[in-house]
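Structural overview for review
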Amino acid sequence: MVQVKYGPKKNYSDKAKFSRLGYSTRFLRHANPLSLPLTRQRFRCYCSDQTSPSVRKRVVSGVQPTGSIHLGNYLGAIKNWVALQITLPYDPQELRKATRDTAALYLACGVDISKASVFVQSHVRAHVDLMWLLSSSTPIGWLQKMTQFKEKSRKEGGENASVSLLTYPVLMAADILLYKSDFVPVGEDQKQHLELARDLAQRVNNLYGGRKWKKLGGRGGSVFKIPEPLIPQVGARVMSLTDGRSKMSKSAPSDQSRINLLDSKDLIADKIKRCKTDSFVGLEYDNAERPECNNLLSVYQIVSGKTKEEVMEECKDMSWGTFKPLLTDAVVEHLSPIQVRYQEITAESAYLDKVLTEGADKATEIAEVTIRNLKQAMGFYI
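None of these values were measured; they are calculated from a predicted model.

1. Examining the overall build of the chain
Secondary structure assignment for the chain yields 13 helices and five strands. Expressed as a percentage of the 382 residues in the chain, the buried residues total 52%.

2. Concerning the packing of aromatic side chains
A full pass over the atoms with the stated rule returns two aromatic pairs. A centroid spacing of 5.7 Å and a plane angle of 80° characterise the contact between Tyr-300 and Phe-323, whose relative ring orientation is edge-to-face. Placement of Tyr-300 in helix α10 (residues 291-304) and of Phe-323 in helix α12 (residues 320-346) is noted, with a sequence separation of 23 residues between them. You can call Tyr-300 buried: its relative accessible area is 3%. Measuring from ring centre to ring centre gives 6.0 Å for Trp-320 and Phe-323, while their planes differ by 70°; the resulting arrangement is edge-to-face. Of this pair, Trp-320 and Phe-323 both sit in helix α12, three residues apart, which is roughly one turn of that helix. Given a relative accessible area of 0%, Phe-323 falls into the buried group. Through pairs of rings, three or more aromatic residues link up here, namely Tyr-300, Trp-320 and Phe-323. Across the ring face of Trp-142, the terminal group of Arg-203 is positioned such that the distance to the ring centre comes to 5.5 Å. Lys-308 extends its terminal NZ or CZ atom over the ring of Tyr-285, reaching a point 4.9 Å from the ring centre.

3. Describing the pattern of salt bridges
Counted according to the given criterion, the structure contains 17 salt bridges. Here Lys-271 and Asp-263 are joined by a salt bridge, their closest N and O atoms 2.7 Å apart. Considered together, Lys-271 and Asp-263 belong to a single accessibility category, that of buried residues. Through salt bridges with shared partners, a single network forms among Asp-255, Arg-258, Asp-263 and Lys-271.

4. Brief notes about a positive patch on the surface
On the surface, Lys-145, Lys-150, Arg-154 and Lys-155 cluster together into a patch of positive charge. Within the fold, Lys-145 resides in the loop between α4 (140-144) and α5 (147-155). Residue class for Lys-145 comes out exposed when judged on its relative accessible area of 59%.

5. As for the environment of Lys-316
Along the polypeptide, Lys-316 turns up in the loop between α11 (308-315) and α12. Sequence separation of Lys-316 and Val-281 is 35 residues, and the distance between their C-alpha atoms is 9.1 Å. Among the polar contacts listed, one links the side chain of Lys-316 to the side chain of Glu-313, at a separation of 3.4 Å.

6. Brief notes about α5
Within the sequence span of α5, burial applies to Gln-148, Phe-149 and Ser-153. The buried residues of α5 occupy an angular sector of 120° when the element is viewed end-on, so they sit on one face. When the buried face of α5 is taken as reference, the exposed residues oriented beyond 90 degrees from it are Arg-154 and Lys-155. Residues of α5 that are buried sit in contact with α4, α6 (163-177) and α7 (191-208). Following α5 by one or two positions, Gly-157 has its phi on the positive side, about 95°.

Calculation rules
- Residues numbered from 1 in each chain as written.
- Predicted model: local features only at pLDDT ≥ 70, side-chain atom pairs only at ≥ 80, totals over all residues.
- Heavy atoms only, no water.
- Helix = DSSP H or I, 4+ residues; strand = E, 2+ residues; numbered from the N terminus.
- Buried < 20%, exposed > 50% of the residue type's maximum accessible area, 1.4 Å probe, protein only.
- Phe/Tyr/Trp six-rings, centres within 6.5 Å; stacked < 30°, edge-to-face > 60°.
- Lys NZ or Arg CZ within 6 Å of the ring centre and 35° of its normal.
- Salt bridge = Lys/Arg side-chain N within 4 Å of Asp/Glu carboxyl O.
- Patch = residues over 30% accessible without salt bridge, like charges linked within 9 Å, V, L, I, M, F, W, Y side chains within 5 Å.
- Areas by Shrake-Rupley, 256 points an atom, 1.4 Å probe, with all protein chains shown as cover.
- Lys, Arg positive; Asp, Glu negative; His and termini not counted.
- Charge placed at Lys NZ, Arg CZ, Asp CG, Glu CD.
- Polar contact = N/O pair within 3.5 Å; in protein donor to acceptor, adjacent residues only side chain to side chain.
- Arc of directions from axis to C-beta.
- Contact = heavy atoms within 4.5 Å.

Now the structure itself:
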């Protein structure tokens, strides 16, 4: 049973983890979040961690449910849970189907419902409630400086960009802070969003926490916990098959640039066979002039379960003609059980509905406590 709240002390093998799936969300217990390297660069630590090492920790992150989930999402996001949002135009019918498909893929990728709860974010209204409350304390200048807003608004034509493109980092912050998470797994392109969430948490704590909250009948102290970043060393950023310097993306025009989790064996083989490589002799990691080589070796390392040293010893003298079939077999073998389980889950519509409903109930119970505390601290009549 999953409890995303602080309960009896347990060891690190029983950590609690929470993740938001764009508009679909899930709870997941993480074996040991502290075993992943923490990067504090560009993050200001506003509080000391006085938590006993035997107390359960909470982790929050997410993935976008639009489009087909690809190998980059799985290795860099579903495995490490990067927080993303829907902010661009979409097809309502397709979004509905994609949300269920994404939840099914979460389960197929190994989320154990005896230890985890999956739910649709829009079924827990506390997410938008907290977003609105946080918006009242968010300087608009903070949002206008967000890199993704500037880049995506340019693509959308400036004035034609939606308001949600500007404000979605506040929703992302709400997703994180709603569950008082200790850690947030992030990729390099999401660190700025976590920094905003941390800044907002500290701003609210300064404005409404401490003695001010206590005078209003609250417990006092910090309203929000300041989450720490978790940045995985491997798999955090899987690159495009057609350009080793660009991230593998659902929005890329060419499907050839990515391996989707539900691609057939033949399609995977064709994409890897045609993927961009180079004319250097042998294979190697970490050569800035060979981004495609580094990317493909990293993918092979993760899906094969081998260490970097083992991969290097095995592949250093290989040609691309020898390595590509090896990579193909490893990817197909790794994705095959996921595809089989996905078909089983999608064939049982009632089962998936039950999983999502139960997950939403558990999330709502926890989220409403956070909303009540913040409203009390802000002086709302509750």
